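Structural overview for review
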Amino acid sequence: MLGGDGTGDEEPLFRPYAVTGGRSEPRYHMALETLVSSSFIMEEDMALLTPEQDAIIRLCRSFRSVAEISALLRIPLGVARVLVADMVDEGLVRIHQPRLEQGQPDLNMLERVLSGLRRL
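Summarised in this report is the structure supplied together with it. (Residues numbered from 1 in each chain as written. Predicted model: local features only at pLDDT ≥ 70, side-chain atom pairs only at ≥ 80, totals over all residues. Heavy atoms only, no water.)

This part covers the pattern of salt bridges. Counted under the stated rule, the structure contains 1 salt bridge. Residue arginine 58 is joined to aspartate 54 by a salt bridge in which the shortest nitrogen-to-oxygen separation is 3.1 Å. Within this pair, arginine 58 and its partner aspartate 54 are both found in helix 2 (residues 51–59), separated by 4 residues, close to a single helical turn. (Salt bridge = Lys/Arg side-chain N within 4 Å of Asp/Glu carboxyl O. Helix = DSSP H or I, 4+ residues; strand = E, 2+ residues; numbered from the N terminus.)

In structure tokens:
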């Protein structure tokens, strides 16, 4: 959102945590790489969503991570986590948590990350 002074600087017109009711922690743990996908929602039900919920639903028609949602919507990660957790409780989105065996990181994921970093 553009600032009110017309300079074009991106500055929020509201405090980000206003959309979460002041909460900064989601109801349950959600990793940065947790994938989110939209549930099927009737078009008439879309009119009942908040602008943030609508944006998340549209973004998550293809799988997106919580970190991607935060970056693409330009909202703090904590806000994105709270919004997604609330939407899960309402049945609007589904989350797909990474499954780490006995606390060990997924070796394939680490190799993909290393490969991506090398390409930079």
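Continuing now.
Two elements in contact, helix 3 (residues 66–73) and helix 4 (residues 77–89), have axes whose closest approach is 9 Å; the angle formed by their N-to-C orientations is 115°. Of the two possible hands of crossing, helix 3 and helix 4 adopt the one that is right-handed. On the side of helix 3, the interface is formed by Val66, Ala67, Ile69 and Ser70, while helix 4 contributes Leu77, Ala80, Arg81 and Val84. The residue inventory of the contact of helix 3 with helix 4, partitioned by class, reads 6 nonpolar, 1 polar and 1 charged. (Axes fitted to C-alpha atoms, helices over the stretch in contact; angles between N-to-C directions. Left-handed = near helix turned anticlockwise from the far one by under 90°. Contact = heavy atoms within 4.5 Å. Nonpolar A, V, L, I, M, F, W, Y, C, P; charged D, E, K, R; others polar.)

The subject of this paragraph is helix 4. An ideal rise of 1.5 Å per residue puts 18 Å on 13 residues; helix 4 measures up with 19 Å between its terminal C-alpha atoms. For helix 4, the complete set of buried residues consists of Gly78, Val79, Ala80, Val82, Leu83, Val84, Ala85, Asp86 and Met87. On its buried face, helix 4 is in contact with strand 1 (35–38), helix 2, helix 3 and strand 3 (93–96). Glycine 91 occupies a position one or two residues after helix 4 and carries a positive phi of about 80°. (Expected span 1.5 Å × (residues − 1). Buried < 20%, exposed > 50% of the residue type's maximum accessible area, 1.4 Å probe, protein only.)

Another point: the sheet that holds strand 3. Ordered by their spatial adjacency, 3 strands build an open sheet running 2-1-3, and the pairing between neighbours is antiparallel. Lying at the two open borders of the sheet, with one neighbouring strand each, are strand 2 (64–65) and strand 3. As defined by bridge partners, strand 1 adjoins strand 2 across 2 bridges and the pair is classed as antiparallel. The residue bridging valine 36 from the neighbouring strand is arginine 64, located in strand 2. Of the strands in this sheet, strand 1 and strand 3 are in contact with helix 4, which crosses strand 3 at around 115°. (Pairing = 2+ DSSP bridges.)

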